[in-house]
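Residues per chain are reported as follows:
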Amino acid sequence: MSERKTRERMEFFTDVPQPVPFAGAAGATDSPGELRYRIYDPDRAVGNKTMAEHLRIAVCYWHSFNWPGSDIFGVGTFDRPWLQPAVDPMEAATIKQDAAFEFFAKLGTPFYCFHDVDMAPEGDTLAESKANLDEMVDRAAKKMSETGVELLWGTANLFTHPRYAAGAATNPDPDVFTHAAAQVRHMLDATHRLGGHNYVLWGGREGYETLLNTRLGQEADQLARFLELVAEHKRNIGFDGLLLLEPKPQEPTKHQYDYDSATVHGFLDRYDLLGEYFVNIEVNHATLSGHSFHHEVAYAIDNGIFGSVDANRGDPQNGWDTDQFPNSVDDLVPAMYEIVRSGGFGSGGFNFDTKLRRQSMDRTDLFHGHIGGIDTLAKALLVADELLNNGTLEAARDRRYAGWRGSQGAKIMDRSTTLASLADDAVAADLDPAPVSGRQEALENHINQMIWSAT
Ligand code: XUL
Ligand code: CO
């Protein structure tokens, strides 16, 4: 242990300046190897906030530092010395933490996110795992105060270890539920200690592989009980961040209970947990559930459960979660518009739950992925802000629903009518309402014009 504490810190990303500079659009003609932001200028004012305050960018520990670049057919390809099997696990955790904080500081982003096991190795017992986590969290606290980087959210990994193969909270064995409770307790406490802004629960294995061996009602009750216990603990320790559920329809299980925002909303309502939990919407989880990212964000905002976002994208040809860096302004603008229109993030932000491609094995590739993704979000923010300022979309929505602000609309909604009285009104007035254009193409063209002209 003392060796660990005295070890000389080695720079890992030696080819990268600190911080990566903002070059502006003028730098856009530089060679593709240049590490610089073209759009993301953290202090630039956009409306009443800076870009950094709007976007609240976080880097994820797991894909960036814990994943070796392996896939189901091949071993790791990345240059991550701390993942070599010969390195002592706590020594590896220390080297990895140094590289991670060097990365955050050089990238110049304000937040990061991690699972318990990303930062500290599991021990042989729960007590040993907790001690490892506590040691690494204390060390992280120092790194956070040195760099100013904050924790957007913490989470516990309840899906990798074989004990969770049949679920954590929804496992048929209450001992597995209890083990998961211990892990979440330790990690929620650690998140609180680090001043984390939110706590996430992604139910990767809270679902089923086959209904032949599954009791759906029983598993739903177990999951709700688990969420109740976590919310109660949050209050007991005085953690005032949001608790976030991360919807995903499937993968790794055939079916996951937190399928999409609407399913989570219904579940929270059914178990009287509305107001306790919000959603962390992941862009490609939205598309895997058969929706658009725009749909998931709009649904969550309109139903009061919007919390945070995992920014990544899928591949249109692959039906699984490829976790690629966002690179399409066109795809992000509509959802960004809803976020900005609703007043923006509270404690949430954009977490880069993103993976490099397996052939992106240079150390600088991790920077290229993040910089491109962040510039894409920044550009989408500029367009969304422009759309909000010129008011065209809101005016179109207002016009479309104008009737509901008139006397007939008010009468229907204030509950003073019956089906029979409405029928009488319709017959007496000989109603024959004319359909009106939804103006979809005109609105789509308007968004494109904003994309083409935003600077
Ligand atoms: C998996 C996923 C997770 C969660 C955190 O698809 O998105 O990385 O974000 O457990
Ligand atoms: Co995610």
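Being a predicted model, the structure only gives us computed values, none of them experimental. (Residues numbered from 1 in each chain as written. Chains lettered and ligands numbered in written order. Predicted model: local features only at pLDDT ≥ 70, side-chain atom pairs only at ≥ 80, totals over all residues. Heavy atoms only, no water.)

## Digging into the nonpolar core
Most often, soluble globular proteins have nonpolar side chains that are buried together.
Reasoning step 1: Residues Phe104, Tyr112, Phe114, Tyr277 and Phe350 are the most contacted members of the largest nonpolar core, which totals 121 residues.
Reasoning step 2: No other element matches the 12 residues that helix α13 (residues 365-390) contributes to this core.
Reasoning step 3: Three or more residues apiece are contributed to this core by two domains, here domain 1 (3-390) and domain 2 (394-453).
Reasoning step 4: If sequence neighbours within four positions are ignored, Phe104 has contacts with Val59, Tyr61, Phe65, Thr109, Tyr112 and Val149. (Core = buried A, V, L, I, M, F, W, Y, C linked by side-chain atoms within 4.5 Å. Buried < 20%, exposed > 50% of the residue type's maximum accessible area, 1.4 Å probe, protein only. Helix = DSSP H or I, 4+ residues; strand = E, 2+ residues; numbered from the N terminus. Domains from an automatic or database assignment. Contact = heavy atoms within 4.5 Å.)

## Notes on the site of ligand 1
Reasoning step 1: Lining the immediate surroundings of ligand 1 are Trp62, His115, Trp153, Phe159, Trp202, Glu246, Lys248, Glu282, His285, Asp310, Asp321 and Asp353.
Reasoning step 2: At 2.7 Å from an oxygen atom of ligand 1 is found a side-chain nitrogen or oxygen belonging to His115.
Reasoning step 3: At 2.9 Å from an oxygen atom of ligand 1 is found a side-chain nitrogen or oxygen belonging to His285.
Reasoning step 4: About the coverage of ligand 1: the protein hides 94% of its 290 Å² of free accessible area.
Reasoning step 5: Counting atoms within 2 Å of the grid points, the majority share of ligand 1 lands in the largest pocket.
Reasoning step 6: In terms of residue class, the shell around ligand 1 is made up of 4 nonpolar, 2 polar and 6 charged. (Near = heavy atom within 4 Å. Polar contact = N/O pair within 3.5 Å; in protein donor to acceptor, adjacent residues only side chain to side chain. Areas by Shrake-Rupley, 256 points an atom, 1.4 Å probe, with all protein chains shown as cover. 1 Å grid on protein atoms, 1.4 Å probe; cavity = no way out; pocket = protein on both sides within 12 Å on 5 of 7 lines; lining within 4 Å. Sits in = over half its atoms within 2 Å of the grid points. Nonpolar A, V, L, I, M, F, W, Y, C, P; charged D, E, K, R; others polar.)

## Things to note about the domain arrangement of the protein
Reasoning step 1: For the protein, the assigned domains are domain 1 (3-390) and domain 2 (394-453).
Reasoning step 2: Each of domain 1 and domain 2 has a C-alpha centre, and these two points are 40 Å apart.
Reasoning step 3: Each side of the interface is counted separately: domain 1 has 11 residues, and domain 2 has 6 residues.
Reasoning step 4: Across the domain 1/domain 2 interface, buried area totals approximately 750 Å², and carbon plus sulfur atoms make up 62% of it.
Reasoning step 5: Across the contact surface, domain 1 and domain 2 share 2 salt bridges.
Reasoning step 6: Where the side of domain 1 that touches domain 2 is concerned, the elements lending two or more residues are α12 (329-341) and α13.
Reasoning step 7: Looking at which element gives the most residues to the side of domain 1 that touches domain 2, the answer is α12, with 6 residues.
Reasoning step 8: Residues that form the side of domain 1 that touches domain 2 fall into these classes: 5 nonpolar, 1 polar and 5 charged. (Buried area = accessible area lost by both parts, 1.4 Å probe. Salt bridge = Lys/Arg side-chain N within 4 Å of Asp/Glu carboxyl O.)

## Overview of the packing of helix α4 (residues 89-107) against helix α6 (residues 126-147)
Reasoning step 1: Direction vectors running N to C along α4 and α6 enclose 25°, while the axes themselves pass 11 Å from each other. Relative to α6, the element α4 is oriented roughly parallel. As for the relative orientation of α4 and α6, their crossing is right-handed in sense. Residues Met90, Ala93, Thr94, Gln97, Asp98, Phe101 and Ala105 of α4 pack against Asn132, Glu135, Met136, Arg139, Ala140, Lys143, Met144 and Thr147 of α6. (Axes fitted to C-alpha atoms, helices over the stretch in contact; angles between N-to-C directions. Parallel < 35°, antiparallel > 145°, perpendicular 65-115°, else oblique. Left-handed = near helix turned anticlockwise from the far one by under 90°.)

## Points about α13
Reasoning step 1: The first and last C-alpha atoms of α13 sit 38 Å apart over 26 residues, in line with the 38 Å expected at 1.5 Å per residue.
Reasoning step 2: Among the 26 residues of α13, 20 are classified as buried, and the element is accordingly described as predominantly covered.
Reasoning step 3: Residue Gly391 follows α13 closely and has a positive phi angle near 70°. (Expected span 1.5 Å × (residues − 1).)

## Description of the environment of Trp404
Reasoning step 1: Summarising the element assignment, Trp404 is placed in the loop between α14 (392-400) and α15 (407-413).
Reasoning step 2: Residue Trp404 is classed as partly exposed on the basis of its relative accessible area of 47%.
Reasoning step 3: The contacts of Trp404, once residues within four sequence positions are left out, are Gly409, Ala410, Ile412 and Met413.

## Overview of helix α17 (residues 440-453)
An α-helix turns once per 3.6 residues; consequently, residues spaced three or four apart project the same way.
Reasoning step 1: Here α17 contains 14 residues, and its C-alpha end-to-end distance of 20 Å stays within 8% of the 20 Å for a straight helix at 1.5 Å per residue.
Reasoning step 2: Among all positions of α17, only His446, Ile447, Met450 and Ile451 are buried. For α17, the angular spread of buried residues about the axis comes to 140°, placing them on one side. What points out from α17, more than 90 degrees from its buried face, is the exposed set Glu441 and Trp452.
Reasoning step 3: Those residues of α17 hidden inside the fold are in contact with α12, α13 and α14. (Arc of directions from axis to C-beta.)

## Topic: the pairing of strand β4 (residues 111-115)
Reasoning step 1: Along β4, 5 of the 5 residues are buried, which leaves the element largely enclosed by surrounding structure.
Reasoning step 2: Judged by which residues are buried, β4 turns out to be covered on both faces: Phe111, Cys113 and His115 on one side and Tyr112 and Phe114 on the other are all buried.
Reasoning step 3: With 3 bridges connecting them, strand β3 (residues 57-60) and β4 associate as parallel partners. Along β4, the bridge assignment pairs Val59 with Tyr112.
Reasoning step 4: Sheet topology note: the β4/strand β5 (residues 150-155) ladder contains 5 bridges and is parallel. Pairing of His115 across the sheet is with Thr155, part of β5. (Pairing = 2+ DSSP bridges.)

## Focus: the side chain of Asn280
Reasoning step 1: With respect to the secondary-structure elements, Asn280 resides in strand β10 (residues 277-282).
Reasoning step 2: At a separation of 3.2 Å, a polar atom in the side chain of Asn280 contacts the main-chain amide nitrogen of Val309.
Reasoning step 3: A distance of 3.2 Å separates the side chain of Asn280 from the side chain of Asp310, its partner in a polar contact.
Reasoning step 4: Leave out the neighbours within four places in its chain, and Asn280 touches Trp153, Val200, Leu244, Leu245, Glu246, Pro247, Ser308, Val309 and Asp310.

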